[in-house]
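# Results of the structural survey
Each chain, letter by letter, is given below.
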Amino acid sequence: MAASHGPLFVARRAYRRRRLTDAARLWPILGLFLFVMPVLWQGDDGQLPQTAFGGLYLFAVWAGLILGAFVLARRLGRGSGQSSTMTARPWPEDRGE
Amino acid sequence: MISFNLLVAVCLAYVGFLFLIAFWAERRADQGRGGWLHSPAVYTLSLSIYCTAWTFYGAVGYAARSGLEFVTIYLGPTLVFVGWWWILRKLVRVGRRERVTSIADLISARFGKSNLLGVMVTVISVAASTPYIALQLQSVTLSFSVFATGTPQGWALPDQRATAFWVAAGLTLFTILFGTRNLDADERHHGVVTAIAFEAVMKLVALLSVGVFVVWGVAGGPSEVLAHIEASQLADWPMQPGRWVGLIFVSAAAILTLPRMFQVMVVENVDEAHLATASWAFPLYLMAMSLFVVPIAVIGLEVLPKGSNPDLFVLTLPLAYDRGGLALLAFLGGFSSATSMVIVAAIALATMVSNHIVVPLWLASRRGRAGDAGDVRGLVLLARRLSIAAILALGYFYYRLSGGSSALAAIGLIAFVGVAQVLPAMIGGLFWRGASSVGVGMGLLTGFSVWLYSFFLPSFGAGGLLSATLIAEGPWGIGWLRPQALFGLSGMDPLLHAIFWSLSLNILAFVTGSLLSIPGPVERIQALAFVRVFDGDAAAPSWTRDSGAEAEELLTLTQGFLGNDEALVFFRTEAGRQGKAGFLPDATPDFIERLERRLAGAVGAATAHAMIAQHAGRAVISAEDLLAVASDAQQIMESSAELRQKSEELTRTARALSEANEKLTALSVQKDAFLSQISHELRTPMTSIRAFSEILAEPDLAPEDRVRFTGVIKDEAVRLTRLLDDLLDLSVLENRKAQLTIRAANLHDLINRALAAASNTRPERAFIFDRDQGAEFLPVITDADRLVQVFINLVSNARKYCDADPPKLKIVARRKAGRITVDFIDNGAGIPKEARGLIFEKFVRMTDTARAGGAGLGLAICREIMASLGGSVAYLPGQGGAAFRVTLPVRPLSVAPDSGS
């Protein structure tokens, strides 16, 4: 079935672009991982995590996530040229599966 | 201090201002000057209706009760948007491609255009949104009462129910005025979206102002705030892992499935590229909204007297420090949050109710009476207006029933879990070709019932809708059926319990049903189109066979839904796409599919499908067809876009050629007839002239006879001259050598002149003229005499041929995009379809010469005149009679070389 998924080797730019979309897919997963992290914080001494620290942590992760998304969106948008309306396929190299 | 009257005045002024913004945006959009209204910023801001009054007031209350847990409600959506490449991108693409009008429409379109599923999703959405709307009414009411208590003037606490009622009534009015002003073909509401975007700015500014005031004005800086937090009762973070993960999940699900979010995210989306901006900008907005929540909660708990409602800290904190202005700003922020949510939710739900319940019912009631569908737009608009009122009324009754007592956050979560029941169907529909309508139906039913039983009904409290014993011991004392401890899972947080059971049973039923059922053909094709949406437009092969539907019948149908102009423009574009002139494309499968999609944009996929099937008499697809479709799809996917394009072009050319050929064949017959025609035309008057002059030569003729015969000779000579004049005129026009006298004129005067001049054609017939005289006052720079000549011709034709009794002629003049159109529509039998291609040719007459009394050159001359004036005259089908449209530019396109003469 791999045969129908395009050529084995692609040009450097296309390759970079595919990895960029991979990054766009993986970024929220990293975010989820970091957001769920506080669940593990309950230490064995039974002490609860601190709201002040937890808040700072969450907002820091949040800001980092947004920054990353900003960079990814900019780069993905730049490569695709005019991606408006319903024409052909604005984001090539993607089979949506 | 702020008086009650001032508060009401501020609210009214604010709503009036919103009204102006919406009105202005709508005007700009109508004029095609969208500009920055269609920018990613407005799109992102409109998404902020996710932050309702629940966020604005409730988040602080939530934080005051359970610390950082409130933030989960914003982390879920953040992850969904940051991960736009996974789901949102596909959702928006599918939504735009299929012209989806609501989330119910999406599910119905994906699963075989089944209206039953549409109805189910509609019911779930309405049920889940009711508490949410109630929540908005409650928060506005509460915020009013804050200003009432503790005022020195001591104005009486306003009746809360009355306040809620007036708020609901006002919102109904606003929503109806802007949400259902017209039935857009694509369901976009530019005015509303712009107003919502403004409200988004308003609530952000308000919350940030209160936050800044609290952090720097009260606490004295960020580090002091941290110290306050550590010293407060919120210092420890009572993390509940189950709730933490469950809430992130359910809020992520809700942003995808809340009807109002779907409306702004998918339906109102004007450009897919906006999603890329929203992927970081919307999380940024959410973060900004949550930034000061914990500080406000902590300071509120510390400063305000014990027992004050933490849901209202945003208002009571500034009031405690006597900052009336800031409190008023905060009040407006909360008001914005509530109103924007209610408006969009009501529009989204009303669209669903009208498209999936009212219109199908109406269609069913007139089954067997196919044919003229009439103007359905009025019905749809009325249905939407009533739905909006009904939905707000439901919200109001929920508010009264629930007593408006429970904490804001709890109510919001009920709605979240309710709409999340649509998630399995949505995700399954987008990513799994095997997901079937049977599975979705089972899943939705299961999930919805479990949600109702374990979360929604108990939300009214023990002894509310479910009796206390039932909640404590289960129905008929069956312990494992206790609503909040299903299957013996007691000791679980009720929220978590509801999420867990409703969604897992939902998914179980969905998957089982999908695995065991075999979907129908339409459904399989839609599955392919949805799952492979990025494989290009050809992913869904055309699945209709030549249906033999009459394009004109379809036009009449379409006019009922889109309105006359829209329908004609659409049909003309489609005809052009096929390489045909005029307004009627061939009813090819390709065209019918596009038409269906266009109609789906107005009334939803299921209804559009049913309508088209009813009219086009679409053939049922057999198994062989399906196999052919499957292998076609494989081939199409592998073939290059270039090949596709070429073949399309070839088809177009072939069609144009065959049409030209048809016309040529008909014309050559005509041309052969031309000589005999012209000789005949010339000979008839000549014969009578000769005969009568011979009679005149008789000496013994009575004088009165002599006078009569001379008269006949004169008449025939006049007819002969007219014929020769016409021929000469035509040849001059055809060679583009006509002298034009271009001057400014008033269209109204020209039409008057034409009507007066044409009145001596069959003067015995009393014609009724239906004109909108006011609309005719249009300035036009053209050769007025020539234009009047065209009008006279069209009017006299109507006088001659219209066979209705009483005969009526409707004249509609309009100006649109630099062109003027004048329609002449009579109420007669019209012109048969096969003759329409020829009526503008020379010597073509519909009836006998005797009756027509002309040589059949009139319309040919009209056509040539209009061509030299830079316009056109065309037959307008589907108007219930013979109809002609004259189109001309407001001023000559280029300065014609002979304009000065």
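Each remark here, short or long, concerns the structure printed above.
In this text, all values refer to a predicted model and were calculated from it rather than measured experimentally. (Residues numbered from 1 in each chain as written. Chains lettered and ligands numbered in written order. Predicted model: local features only at pLDDT ≥ 70, side-chain atom pairs only at ≥ 80, totals over all residues. Heavy atoms only, no water.)

### Examining the overall build of chain B
Along chain B, the regular secondary structure elements total 34 helices and seven strands. Each of the 901 residues in chain B was classed as buried or not, and the buried ones make up 56%. Restricting the contact set of chain B to residue pairs at least 6 apart, pairs at least 24 apart contribute 80%. Carbon and sulfur atoms make up 61% of the accessible area of chain B, which amounts to about 35,900 Å² in all. (Helix = DSSP H or I, 4+ residues; strand = E, 2+ residues; numbered from the N terminus. Buried < 20%, exposed > 50% of the residue type's maximum accessible area, 1.4 Å probe, protein only. Contact = heavy atoms within 4.5 Å. Areas by Shrake-Rupley, 256 points an atom, 1.4 Å probe, with all protein chains shown as cover.)

### As for the interface of chain B and chain A
Taken together, the contact pairs 47 residues of chain B with 44 residues of chain A. Together, the buried faces of chain B and chain A total about 4,300 Å²; carbon and sulfur atoms form 71% of this surface. Here chain B is connected to chain A by zero salt bridges. The interface formed by chain B and chain A holds seven residue pairs in polar contact (both at pLDDT 80 or more) in total. If you list the elements that add at least two residues to the side of chain B that touches chain A, you get helix H4 (72-82), helix H5 (88-97), helix H10 (222-231), helix H11 (241-257) and helix H13 (274-291) of chain B. (Buried area = accessible area lost by both parts, 1.4 Å probe. Salt bridge = Lys/Arg side-chain N within 4 Å of Asp/Glu carboxyl O. Polar contact = N/O pair within 3.5 Å; in protein donor to acceptor, adjacent residues only side chain to side chain.)

### Examining the packing of helix H7 (residues 115-148) of chain B against helix H20 (residues 437-456) of chain B
All names here are of chain B. For the pair H7 and H20, the least separation of the axes is 10 Å and the interaxial angle reads 20°. Our classification of the angle between H7 and H20 gives roughly parallel. The interaxial crossing formed by H7 with H20 has left-handed handedness. Judged by residue contacts, Leu117, Met120, Val121, Val123, Ile124, Ala127, Ala128 and Pro131 of H7 engage Ser437, Val440, Gly441, Leu444, Leu445, Phe448, Trp451 and Phe456 from H20. For the contact of H7 with H20, the residue count by class is 14 nonpolar, two polar and no charged. (Axes fitted to C-alpha atoms, helices over the stretch in contact; angles between N-to-C directions. Parallel < 35°, antiparallel > 145°, perpendicular 65-115°, else oblique. Left-handed = near helix turned anticlockwise from the far one by under 90°. Nonpolar A, V, L, I, M, F, W, Y, C, P; charged D, E, K, R; others polar.)

### Some remarks on H5 of chain B
Residues and elements named next belong to chain B. In terms of residue burial, H5 counts as a mostly covered element, since 10 of its 10 residues are buried. Buried within H5 are the following residues: Leu88, Arg89, Lys90, Leu91, Val92, Arg93, Val94, Gly95, Arg96 and Arg97. Among the residues trailing H5, Arg99 stands out with phi positive, at a value near 50°.

### Focus on the packing of aromatic side chains
For the structure on display, the rule yields 38 aromatic pairs over all chains. A centroid spacing of 5.3 Å and a plane angle of 70° characterise the contact between Phe17 of chain B and Phe198 of chain B, whose relative ring orientation is edge-to-face. Placement of the pair is Phe17 of chain B in helix H1 (residues 4-30) and Phe198 of chain B in helix H9 (residues 190-219), with a sequence separation of 181 residues. Seen in terms of ring centroids, Tyr50 of chain B and Tyr74 of chain B are 6.4 Å apart; in terms of plane orientation they differ by 90°. Their pairing is edge-to-face. Remark: Tyr74 of chain B occurs in helix H4 and Tyr50 of chain B occurs in the loop between helix H2 (40-47) and helix H3 (53-66); sequence separation between them is 24 residues. Across from the ring centre of Trp86 of chain B, 5.4 Å away, lies the NZ or CZ of Arg25 of chain A, which sits over that ring. Above the ring of Tyr132 of chain B, the side-chain terminus of Arg260 of chain B is found at 4.5 Å from the ring centroid. (Phe/Tyr/Trp six-rings, centres within 6.5 Å; stacked < 30°, edge-to-face > 60°. Lys NZ or Arg CZ within 6 Å of the ring centre and 35° of its normal.)

### Regarding the environment of Leu457 of chain B
All names here are of chain B. Following the sequence through the fold, Leu457 ends up in the loop between H20 and helix H21 (468-473). Look at Leu457 and you get partly exposed, because its relative accessible area is 23%. Taking the C-alpha atoms as reference points, Leu457 and Ile414, 43 residues apart in sequence, are found 10.0 Å from one another. Not counting residues within four places of it along the chain, the set of residues in contact with Leu457 comprises Leu452, Leu465 and Leu466.

### A few points about the nonpolar core
Residues Trp62 of chain A together with Tyr50, Phe70, Leu91 and Ile107 of chain B are the most contacted members of the largest nonpolar core, which totals 224 residues. Per-element tally for this core: the top contributor is helix H16 (residues 324-365) of chain B, with 21 residues. For Ile107 of chain B, the contacting residues outside a window of four places in its chain are Leu117, Val121, Val422, Ala425, Met426 and Val440 of chain B. Counting residues in hydrophobic clusters, the runner-up holds 54 residues, among them Ala758, Val788, Phe843 and Leu859 of chain B. (Core = buried A, V, L, I, M, F, W, Y, C linked by side-chain atoms within 4.5 Å.)

### Looking at the pattern of salt bridges
Residue and element names in this part refer to chain B. With the rule as written, the count across this model stands at 19 salt bridges over all chains. Notably, a salt bridge pairs Arg93 with Glu272, separated by 2.9 Å at the nearest N-O pair. Of this pair, Arg93 sits in helix H5 while Glu272 sits in the loop between helix H12 (259-267) and H13, and the two are 179 residues apart along the sequence. With a closest N to O distance of 2.8 Å, Asp785 and Arg753 form a salt bridge. In this pair, Asp785 is assigned in helix H32 (residues 784-801) and Arg753 in helix H31 (residues 747-758), connecting sequence segments 32 residues apart. Ionic contacts of the salt-bridge type, sharing partners, join the residues Glu69, Arg243 and Asp493 into one network.

### A closer look at the sheet that holds strand S4 (residues 808-816) of chain B
All names here are of chain B. Ordered by their spatial adjacency, five strands build an open sheet running S2-S4-S5-S7-S6, and the pairing between neighbours is mixed. Either end of the sheet is taken by a strand with one partner, and the two such strands are strand S2 (768-771) and strand S6 (872-875). If you compare each strand with its neighbour and ignore which way they point, the axes differ by 15° on average. Inspection of the sheet shows S2 paired to S4 by four bridges, in the parallel sense. Paired with Ile768 across the two strands is Lys808, which belongs to S4. (Pairing = 2+ DSSP bridges.)

### Thoughts on the pairing of strand S7 (residues 883-889) of chain B
All names here are of chain B. Within S7, seven of the seven residues are buried, which leaves the element mostly enclosed by the surrounding structure. The two faces of S7 match: Ala883, Arg885, Thr887 and Pro889 on one face and Phe884, Val886 and Leu888 on the other face are all buried. Of the strand pairs in this sheet, strand S5 (residues 819-826) and S7 are connected by seven bridges, and their pairing is antiparallel. When the bridges of S7 are listed, Asp823 appears paired with Arg885.

### So, a nonpolar patch on the surface
On the surface, a nonpolar cluster with roughly 400 Å² of combined accessible area is contributed by Ile507, Val511, Leu515 and Leu516 of chain B. Structurally, the position occupied by Leu516 of chain B is in helix H22 (residues 494-516). (Patch = residues over 30% accessible without salt bridge, like charges linked within 9 Å, V, L, I, M, F, W, Y side chains within 5 Å.)

### A word on the side chain of Glu716 of chain B
All names here are of chain B. Here Glu716 shows up in helix H30 (residues 703-734). You can call Glu716 buried: its relative accessible area is 15%. Excluding residues that lie within four positions of it along the chain, Glu716 makes contacts with Pro685, Ser688 and Ile689.

### Overview of the environment of Gly582 of chain B
By the element assignment, Gly582 of chain B lies in the loop between helix H25 (564-577) and helix H26 (589-603). The residues touching Gly582 of chain B, leaving out its near neighbours within four places in the chain, are Arg572 and Ala575 of chain B.

### Remarks on unusual backbone geometry
All names here are of chain B. The amide bond that connects Asp805 to the next residue, Pro806, takes the cis arrangement and shows omega of 0°. Along the chain, the position of Pro806 falls in the loop between H32 and S4. Within the chain, Asp322 stands out as a residue other than glycine whose phi angle is a positive 60°. With respect to the helices and strands, the residue Asp322 is situated in the loop between helix H15 (313-320) and H16. Take Asp322: its relative accessible area is 61%, and that puts it in the exposed class.

### Observations concerning the side chain of Ser48 of chain B
All names here are of chain B. Mapped onto the secondary structure, Ser48 falls in the loop between H2 and H3. The exposure class of Ser48 is buried, given its relative accessible area of 0%. With residues near it in sequence (within four places) discarded, Ser48 still touches Ala200, Lys203, Phe282 and Tyr285.

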